[in-house]
Amino acid sequence: MDKLKITGGRPLEGEVRISGAKNAALPIMCAALLTEKPLALSNLPQLRDVSTMAKLLGQMGVGVERGDGRMTLHAREIREPTAAYDLVKTMRASVLVLGPLLARCGEAKVSLPGGCAIGQRPVDQHVKGLQAMGASIAIEHGYMSATAERLRGARIVMDMVTVTGTENLMMAAALAEGETLLENAAREPEVVDLANCLRAMGARIEGAGSDKIRIQGVRSLGGAEHRVMPDRIETGTYLAAVAAAGGKVRLTGTAPESLDATLEKLREAGSRITVAGSSIEIEATQRPNAVGVRTAPYPGFATDMQAQFMALACVANGTALITETIFENRFMHAIELQRLGADIRLEGNTAVVKGVERLQGAAVMATDLRASAGLVIAGLVAEGDTVVDRIYHLDRGYEALEKKLGQLGARVERIG
Ligand code: EPU
């Protein structure tokens, strides 16, 4: 069942509960490597990436107990501080084990992730930061082989804002000797969620959420309980779907404060948005206005929302400029959207999208997680049937997508 058939043309109505954030869950699961005590997580999404991470940790000897939205990870001892290519190639976030393994075991062997559909995505900043903390890292046979006696705190100025890079170094620094100062750190809410979990484990971290994070290393960390923050990208994806297809939907269990840039753009598109506590209600009664976006590190407009907003622009009134500044090749969905009748011209890292009155259903191919989400949104507004192939990409990051869309009245089914 590798395809999703969407019969478009219906507005979305009803209520949906948002899951825990994939991009917070993955680093937080790796934090379990830093302690010999259990880390009990809740609000964990049921996603393929979460299962892949559990498998990866399991291979190292971490005990994994899974329940409904819960997982307890227990790294009593780490048998094998290695992340092999066969798992790393399916999920780049596997590189997040490097810092914790090195800090806890003094050694780590992690496969280089290799290329990726949205760009080159090197990990040089992770390596550079760990080297500044005293690690020796050799790249051999496609692996990063790292060793360190005990990592030492250091002042690290990152060349660019990197989310997993910041997370890897923050975890390593938590057990290093002395103080680490991370400058030009990522300010993403997921970095803050990880810092909160590490603090609950006994880490001394200040400044997460700003571009300077100060970490005082401690000798050891303890166990903790942590509730994973809501997924802001899943939230934004449903909001963009309603803005495009029309209707009225209430999303519960969200973190509205993490969505400022997205909510602002949706209001510009003409949607009515009401925030009440952890719920967001959206009502879209008219064809959306064209809104341009330019992706940027948080608190700017998220690159993980770019494809969904391109889909929205495809049916908007007017022309929108969509500029991607984070990844060099994150426009694969544009070609597929054209198959649905979209009017898109690519000029370097900008897509010029002229809204059309109607898209027409067609067969399209998903290329990565967020591109797939853009195609699903386009399918919801297109006339007739859209069949999105290779939806395993969606299963990596959207919990129960067809069930949740079905709850909102969309006609969506998984087919062979
Ligand atoms: N970069 C380097 N060197 C490095 C690290 C990054 O050149 O050592 C570059 C990247 O190539 C990219 C930019 O820096 O051009 C930013 O990349 P970043 O490291 O921030 O991306 P990431 O940490 O690998 C996370 C999310 C992505 C999200 C990006 C940007 C996780 C697990 N993944 O990736 O999420 O797009 O930040 O916000 O947190 C997704 O969920 O679909 C997804 C791709």
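Located above this text is the structure these notes cover.
Numbering of residues starts from 1 in every chain and runs along the sequence as written. Residues qualify for local features only when their pLDDT is at least 70, as the model is predicted, and side-chain atom pairs are given and counted only at 80 or more; totals for whole chains, interfaces and linings, by contrast, use all residues. Remark: hydrogens and water are excluded; side-chain values derive from all non-hydrogen atoms of the structure.

Participant: I'm lost on the overall build of the protein chain in this one. Help?
Facilitator: Along the backbone of the protein chain there are 14 helices and 24 strands. Each radius of gyration is computed over the set of C-alpha atoms, and the globule rule expresses the reference value as 2.2 Å times the number of residues to the power 0.38. Taking 416 residues into account, the globule formula puts the C-alpha radius of gyration at 22 Å, and the protein chain, at 21 Å, falls close to it. Judged by the C-alpha coordinates and their principal axes, the protein chain covers about 65 × 45 × 40 Å. Partly exposed describes any residue whose relative accessible area lies between the buried limit of under 20% and the exposed limit of over 50%, with all areas from a 1.4 Å probe on protein chains only and scaled to the type maximum. Out of the 416 residues in the protein chain, the part that is buried amounts to 57%. The contact definition used throughout considers only heavy atoms, calling two residues in contact when any of these lie within 4.5 Å. Restricting the contact set of the protein chain to residue pairs at least 6 apart, pairs at least 24 apart contribute 74%. For the protein chain, the exposed surface amounts to about 16200 Å²; the carbon and sulfur share of it is 45%. Positive charges are assigned to Lys and Arg, negative charges to Asp and Glu, while His and the chain termini are left out of the count. A charged residue contributes its charge at one atom only: NZ of Lys, CZ of Arg, CG of Asp or CD of Glu. When the 48 basic and 48 acidic side-chain charges of the protein chain are each reduced to a single mean position, those positions are 1 Å apart. Only DSSP runs of H or I covering at least 4 residues are called helices, and only runs of E covering at least 2 are called strands; the numbering of each starts at the N terminus. Only the protein chains shown count as covering a residue, and every accessible area follows the Shrake-Rupley method with a 1.4 Å probe.

Participant: How should I be thinking about the packing of helix α1 (residues 22-31) against helix α7 (residues 189-200) in this particular structure?
Facilitator: Any two packed helices are characterised by how steeply their axes cross, that is the angle between the axes, and by the distance between the axes. Two elements in contact, α1 and α7, have axes whose closest approach is 9 Å; the angle formed by their N-to-C orientations is 30 degrees. Overall, the two elements α1 and α7 adopt an arrangement that is roughly parallel. As for the relative orientation of α1 and α7, their crossing is right-handed in sense. Residues Asn-23, Ala-24, Pro-27, Ile-28 and Ala-31 of α1 touch α7, and the partners they reach there are Glu-190, Asp-193, Leu-194, Cys-197 and Leu-198. Across the contact of α1 with α7, the residue classes break down as seven nonpolar, one polar and two charged. Angles run from 0 to 180 degrees between N-to-C directions of axes, and those axes are lines fitted to C-alpha atoms, restricted for helices to the stretch in contact. Every angle not falling under 35 degrees, over 145, or within 65 to 115 is termed oblique; those three ranges are roughly parallel, roughly antiparallel and roughly perpendicular. Handedness of a helix crossing follows the sense of rotation of the near helix relative to the far helix, less than a right angle counterclockwise being left-handed and clockwise being right-handed. When residues are sorted by character, Ala, Val, Leu, Ile, Met, Phe, Trp, Tyr, Cys and Pro go into the nonpolar class, Asp, Glu, Lys and Arg into the charged class, and all the rest, Gly among them, into the polar class.

Participant: Can you walk me through the site of the ligand in this structure?
Facilitator: In these notes, residues near a molecule or strand are those with any non-hydrogen atom within 4 Å of it. For the ligand, the set of nearby residues contains 21 residues, the closest of which are Gln-125, Thr-162, Thr-164, Asp-304 and Ile-326. Polar contact is the term for a pair of N or O atoms within 3.5 Å; when the atoms are in protein, one must be able to donate a hydrogen and the other to accept it, and sequence-neighboring residues count only if both atoms are side-chain atoms. Taking Arg-121, its side chain carries an N or O atom lying 3.0 Å from an oxygen atom of the ligand. Backbone polar atom of Pro-122 to a nitrogen atom of the ligand: 3.3 Å apart, as the coordinates give it. Out of a free accessible area of 820 Å², the ligand has 87% covered by protein chains. Of all the elements in the fold, those that place two or more residues in the shell around the ligand are α1, α5 (124-132), α6 (163-174) and α12 (369-381). Examining the composition of the shell around the ligand, we find that three residues originate from one element, α5, more than from any other. Partitioned by chemical class, the residues of the shell around the ligand number nine nonpolar, six polar and six charged.

Participant: Sorry, what's going on with α6 here?
Facilitator: Structurally, the α-helix is built with 3.6 residues per turn, so residues lying three or four positions apart point the same way. Take the number of residues in a helix, subtract one, and multiply by 1.5 Å to get its expected span. The end-to-end C-alpha distance of α6 is 17 Å, a good match for the 16 Å that twelve residues give at a rise of 1.5 Å each. Buried residues dominate α6, accounting for ten of its twelve residues. Every buried residue of α6 is accounted for by Gly-165, Thr-166, Glu-167, Asn-168, Leu-169, Met-170, Met-171, Ala-172, Ala-173 and Ala-174. Regarding α6, its N-cap is Thr-162, as a side-chain oxygen of that residue lies 2.9 Å from the backbone nitrogen of Gly-165 further along.

Participant: I'm lost on the pairing of strand β9 (residues 143-147) in this one. Help?
Facilitator: One face of the sheet, then the other: side chains in a regular strand alternate in exactly this way. The buried count for β9 comes to four of five residues, which makes it a mostly enclosed element. Strands are labelled as partners when DSSP assigns at least two bridges between them. Examined bridge by bridge, strand β7 (residues 107-111) and β9 share five bridges and lie antiparallel to one another. Among the inter-strand pairings, Ser-111 is bridged to a residue of β9, identified as Tyr-143. When strand β8 (residues 136-140) meets β9, the two strands line up antiparallel, connected through five bridges. Directly across from Ala-138, in β9, lies its bridge partner Ser-145. What sits between β8 and β9 in their antiparallel hairpin is a turn of two residues, with His-141 showing a positive phi close to 50 degrees.

Participant: Explain the packing of α5 against α6 here, please?
Facilitator: Interaxial distance between α5 and α6 falls to 9 Å at its minimum, and their mutual angle equals 25 degrees. Relative to α6, the element α5 lies roughly parallel. When you trace α5 past α6, the crossing you get is right-handed. Contacts between α5 and α6 involve Gln-125, His-126, Gly-129 and Leu-130 from the former and Thr-164, Gly-165, Asn-168, Leu-169 and Ala-172 from the latter. In terms of residue class, the contact of α5 with α6 is made up of three nonpolar, six polar and no charged.

Participant: Would you explain the sheet that holds strand β22 (residues 363-365) in this entry?
Facilitator: Two strands in a sheet stick together by hydrogen bonds in their backbones, pointing the same way (parallel) or opposite ways (antiparallel). If you walk across this open sheet you meet the four strands as β22-β23-β1-β24, and the pairing is mixed. Every other strand in the sheet has two partners, leaving β22 and β24 (411-415) as the edge strands with one partner each. When the angles between neighbouring strand axes are averaged without regard to direction, this sheet yields 20 degrees. Relative to strand β23 (residues 385-389), strand β1 (residues 3-7) runs antiparallel, the two being bridged by five bridges. Residue pairing across strands places Lys-5 opposite Val-387, the latter belonging to β23.

Participant: Help me out: how do you make sense of the nonpolar core in this one?
Facilitator: Buried Ala, Val, Leu, Ile, Met, Phe, Trp, Tyr and Cys residues that are joined via side-chain atoms within 4.5 Å together make up what is termed a nonpolar core. Counting 79 residues, the largest nonpolar core has Val-97, Met-170 and Leu-198 as its most contacted members. When residues in this core are grouped by element, the largest group, seven residues, is from α1. When residues no more than four places from it in sequence are discounted, the contact partners of Val-97 are Cys-30, Leu-33, Leu-56, Leu-57, Met-60, Ala-83 and Val-110. If you look at the next biggest cluster of nonpolar residues, it comprises 68 residues, including Ala-269, Met-310, Leu-312 and Ala-410.

Participant: Please explain the pattern of salt bridges as it appears in this structure.
Facilitator: It is possible for side chains bearing opposite charge to pair when their charged atoms get close. Salt bridge, as used here: a side-chain nitrogen of Lys or Arg that lies within 4 Å of a carboxyl oxygen of Asp or Glu. Following the criterion strictly, the structure yields 17 salt bridges and no others. With its nearest N and O atoms 2.6 Å apart, the salt bridge here joins Arg-155 to Glu-183. Of the two residues, Arg-155 is situated in strand β10 (residues 155-157) and Glu-183 in strand β11 (residues 179-183); the sequence distance between them amounts to 28 residues. Exposure remark for Arg-155: the relative accessible area of 59% places this residue in the exposed category. In this structure, Arg-414 and Glu-402 form a salt bridge, with 2.5 Å as the shortest nitrogen-oxygen distance. With Arg-414 in strand β24 and Glu-402 in helix α14 (residues 401-407), this residue pair connects regions lying twelve residues apart in the sequence. Taken together, the salt bridges that share partners define one network made up of Lys-22, Asp-49 and Arg-396.

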